[in-house]
Amino acid sequence: MRAADLAYDLDAERSRYAFPDVVRNGISLNRGTAEPAPADSEPSGFTAVREAHRAALVPSTLAADGPVVELDRPATGVFVASRRGVYLDLYQGVAQRLFDDARIAPRLAPVVDSGLLLHREINTDDYIGFPPEGVHTPQELAGLVTSEMRRAFPRPDGYRVFFSASGTEAVEAALKAATRAAYLRVRTRYGPETWATLCGELGVGRDIAFADEVWRDYPLFLVGLHGAFHGRTLGSLALTESRPAQRIGFPSWRWVVHISRNRPEEVHQVIDRRPLPELLAAPGGLQRTVAEGRVPIDLLAGAIFEPFQGEGGYHAPSVEVLSALRQVCDEAGALLIADEVQSFARGGATFFAETQGVRPDIVCLAKAAIVGMTIMPAETAAGLEHGWHSNTLGSGRLFDVNYAYAQFDTFLNERDPLFAGLSFAENEAVKGEYLAAGLTRLAEAYPSVLSEPEGGGCLWGMSVASRGDFLTEGWRQGAKLIGAGASERPGRVRLILPADVLTREIDVVLAVLGRTCAALATRS
């Protein structure tokens with residue numbers, strides 16, 4: 001949707017602000033009046049927290065001087081009270097927080113009050129039913145999700161949902177579903193003898209540990225985009241290509257080809273359109289195609305893309321590339337997978353892919369969706385073996401299911417009078433356009449510091465001369481920011497805002513970013 005079509009009055013919104021104080025441990029914070037202020041020194045105790053963390057936990061992605069979250073201080077909207085003063089949280093749990101907590105917390109009361117908070121049964125082991133009033137089951141959540149998928153990306157067979165614990169597992173499930181469907185397609189089209197022949201040419205043997213016909217590998221290909229991030233478990237890691245540390249020392253799935261996010265001709269260049277029997281008829285023909293880094297179209301399982309790349313630098317792939325991927329998948333009978341783990345419900349639509357005019361077959365969600373979700377065609381789900389995938393954490397635990405239901409239902413169906421009847425997707429579109437105009441002004445005023453704002457709705461990236469300097473100065477000025485991509489100079493910084501972001505909050509964000517740019521410009 002276009003913000004210009006909504007005719008929203010930003011100034012009138014400001015006149016409607018009337019927020020209660022959020023109080024924790026005797027400290028008050030008000031979303032309508034809070035103001036961040038520069039802080040040159042760090043409160044005592046922060047160093048001890050970091051040291052205790054490092055002494056007990058395996059290092060991962062957290063910087064040595066990363067911010068400390070103070071659990072005894074209130075937060076509301078983008079504002080957080082701290083011992084250092086009020087600051088802005090501009091990465092919202094790296095896109096996990098979709099709404100101000102006060103909007104969602106009341107909707108979780110039924111599952112808490114009914115004594116089901118600690119219920120551990122999961123929908124991969126038990127059928128879950130007969131809920132108390134206000135408590136939602138996994139199948140109700142799945143129904144809400146698939147209904148929205150049918151609206152956004154209609155298909156006659158509808159959709160099914162697999163729940164998991166994280167974004168990377170949602171992607172893993174999608175990859176398994178796509179390759180399983182491709183295996184069935186090749187076997188059905190050409191028969192088991194042709195499958196055995198192609199495996200033999202590629203050096204793949206049977207796994208003798210099983211009495212059934214099981215192969216040690218399945219040469220079924222996936223196409224991904226350079227700079228992508230799809231997770232750190234080994235299957236999704238094969239498609240991830242954003243930072244060396246994520247890959248060094250780890251084995252990888254070899255049936256993967258990457259292309260550029262803005263060069264559609266590469267989509268067609270990597271595909272060998274000759275039928276499988278023709279490749280096998282030429283001595284070494286299949287081997288040569290694979291050695292050249294090309295994909296036999298009959299062995300294409302799918303293509304995966306982030307509608308808005310996260311770790312890759314907060315860039316969107318070109319519409320032409322996405323259209324070419326859709327075309328090739330249709331031609332092959334393969335599945336197009338949208339990794340919306342970070343972009344879900346953040347870009348002015350439920351699915352960021354909607355804003356790009358592309359139709360994925362499978363969508364992966366997590367973060368703001370609370371649980372990992374792999375939403376796939378019902379036809380694809382029907383081809384999966386009993387026991388194809390399962391897990392313990394994430395498979396429909398009641399608290400997570402109800403938290404996710406509250407997020408989805410609120411985003412899709414609630415209309416807050418504060419926003420004069422706009423949906424939250426519409427609010428994102430309006431506020432995204434307002435933020436874009438402000439970022440453009442900053443880029444024009446401080447071209448040596450900030451440039452290339454790119455994004456949509458409440459999900460934005462921008463280039464900065466030095467990412468480390470920008471994050472440090474931004475924190476000093478009162479903004480908790482996070483980078484994106486591997487490059488430091490120049491680098492990319494991301495901005496993630498809640499779906500119920502206020503006009504006032506964007507004004508404050510732009511003011512703090514302006515102070516940050518001004519301070520850095522005086523040093524350059």
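Note that the coordinates shown come from a computational prediction; the quantities given were computed from them, not determined experimentally. (Residues numbered from 1 in each chain as written. Predicted model: local features only at pLDDT ≥ 70, side-chain atom pairs only at ≥ 80, totals over all residues. Heavy atoms only, no water.)

In this model helix 12 (residues 319-332) runs 20 Å from its N-terminal to its C-terminal C-alpha over 14 residues, within 8% of the 20 Å that 1.5 Å per residue would give. Turning to helix 12, its buried residues number three or more, namely Val321, Leu322, Ala324, Leu325, Arg326, Val328, Cys329 and Ala332. Of the residues trailing helix 12, glycine 333 is marked for its positive phi of about 80 degrees. (Helix = DSSP H or I, 4+ residues; strand = E, 2+ residues; numbered from the N terminus. Expected span 1.5 Å × (residues − 1). Buried < 20%, exposed > 50% of the residue type's maximum accessible area, 1.4 Å probe, protein only.)

Bringing the packing of aromatic side chains into the picture now. On inspection of all chains with the given rule, the structure shows 15 aromatic pairs. An angle of 45 degrees between the planes, with centres 6.5 Å apart, marks the rings of phenylalanine 344 and phenylalanine 351 as tilted. Phenylalanine 351 carries the same exposure label as phenylalanine 344, and that label is buried. Sitting over the face of the ring of tyrosine 91, lysine 480 holds its NZ or CZ atom 4.8 Å from the ring centroid. (Phe/Tyr/Trp six-rings, centres within 6.5 Å; stacked < 30°, edge-to-face > 60°. Lys NZ or Arg CZ within 6 Å of the ring centre and 35° of its normal.)

This next bit is on the domain arrangement of the protein. Where the parts come together, the accessible area they lose is often given as the size of the interface. Domain boundaries in the protein define domain 1 (3-98 + 423-523), domain 2 (104-165 + 374-413) and domain 3 (167-365). Just the C-alpha atoms count here: the centres of domain 2 and domain 3 sit 27 Å apart. In this complex, domain 2 contributes 25 residues to the contact, which on the side of domain 3 involves 24 residues. Summing both partners gives a buried area of about 2,000 Å² for domain 2 against domain 3, and 64% of it is carried by carbon and sulfur. Linking domain 2 with domain 3 are three salt bridges, by the criterion used here. (Domains from an automatic or database assignment. Contact = heavy atoms within 4.5 Å. Buried area = accessible area lost by both parts, 1.4 Å probe. Salt bridge = Lys/Arg side-chain N within 4 Å of Asp/Glu carboxyl O.)

Among the secondary structure elements, threonine 179 is positioned in helix 7 (residues 167-201). Accessibility expressed as a relative area gives 15% for threonine 179, which makes it buried. Contacts of threonine 179, omitting those with residues within four sequence positions, involve Leu220, Leu222, Trp253 and Ala301.

Moving on to the sheet that holds strand 8 (residues 256-259). Taken in spatial order, the seven strands make up an open sheet running 6-14-13-12-11-7-8, and their pairing is mixed. Each edge of the open sheet is held by one strand with a lone partner, namely strand 6 (159-164) and strand 8. Mean inter-strand twist for the sheet, computed between neighbouring axes without regard to direction, equals 20 degrees. Across the sheet, helix 12 is in contact with strand 7 (221-225), strand 8, strand 11 (300-305) and strand 12 (335-339); its angle to strand 11 comes to roughly 160 degrees. (Pairing = 2+ DSSP bridges. Axes fitted to C-alpha atoms, helices over the stretch in contact; angles between N-to-C directions.)

In this section: the packing of helix 6 (residues 138-152) against helix 14 (residues 398-413). The geometry of helix 6 relative to helix 14 is characterised by a closest axis approach of 9 Å and an angle of 30 degrees between their N-to-C directions. As far as their axial angle goes, helix 14 and helix 6 are roughly parallel. Here helix 6 and helix 14 pass one another in a crossing that is left-handed. For the pair formed by helix 6 and helix 14, the contact residues are Pro138, Glu140, Leu141, Leu144, Val145 and Glu148 on the first element and Val401, Ala404, Tyr405, Phe408, Asp409 and Leu412 on the second. Looking at the contact of helix 6 with helix 14, its residues break down into nine nonpolar, no polar and three charged. (Parallel < 35°, antiparallel > 145°, perpendicular 65-115°, else oblique. Left-handed = near helix turned anticlockwise from the far one by under 90°. Nonpolar A, V, L, I, M, F, W, Y, C, P; charged D, E, K, R; others polar.)

Another aspect to go through is unusual backbone geometry. Of note, the bond from arginine 489 into proline 490 is cis; its omega dihedral lies within 30 degrees of zero at -10 degrees. In this structure, tyrosine 314 is a non-glycine residue whose phi angle is positive, near 60 degrees. Summarising the element assignment, tyrosine 314 is placed in the loop between strand 11 and helix 12. A positive phi angle is found at alanine 345, which is not glycine, with a value near 55 degrees. With respect to the secondary-structure elements, alanine 345 resides in the loop between strand 12 and strand 13 (362-365). Assessed through its relative accessible area of 0%, alanine 345 is described here as buried.

We now examine the pattern of salt bridges. For the coordinates displayed, the defined rule picks out 42 salt bridges. Note that aspartate 409 is salt-bridged to arginine 107, the shortest N-O span being 2.8 Å. Here the residue aspartate 409 occupies a position in helix 14, and arginine 107 occupies one in the loop between helix 4 (101-104) and helix 5 (109-113), the gap between them amounting to 302 residues. For arginine 107, a relative accessible area of 28% gives the class partly exposed.

A cluster of nonpolar side chains, namely Val112, Leu117 and Leu118, defines an oily patch on the protein surface of about 280 Å² accessible area. With respect to the helices and strands, the residue leucine 117 is situated in the loop between helix 5 and helix 6. (Patch = residues over 30% accessible without salt bridge, like charges linked within 9 Å, V, L, I, M, F, W, Y side chains within 5 Å. Areas by Shrake-Rupley, 256 points an atom, 1.4 Å probe, with all protein chains shown as cover.)

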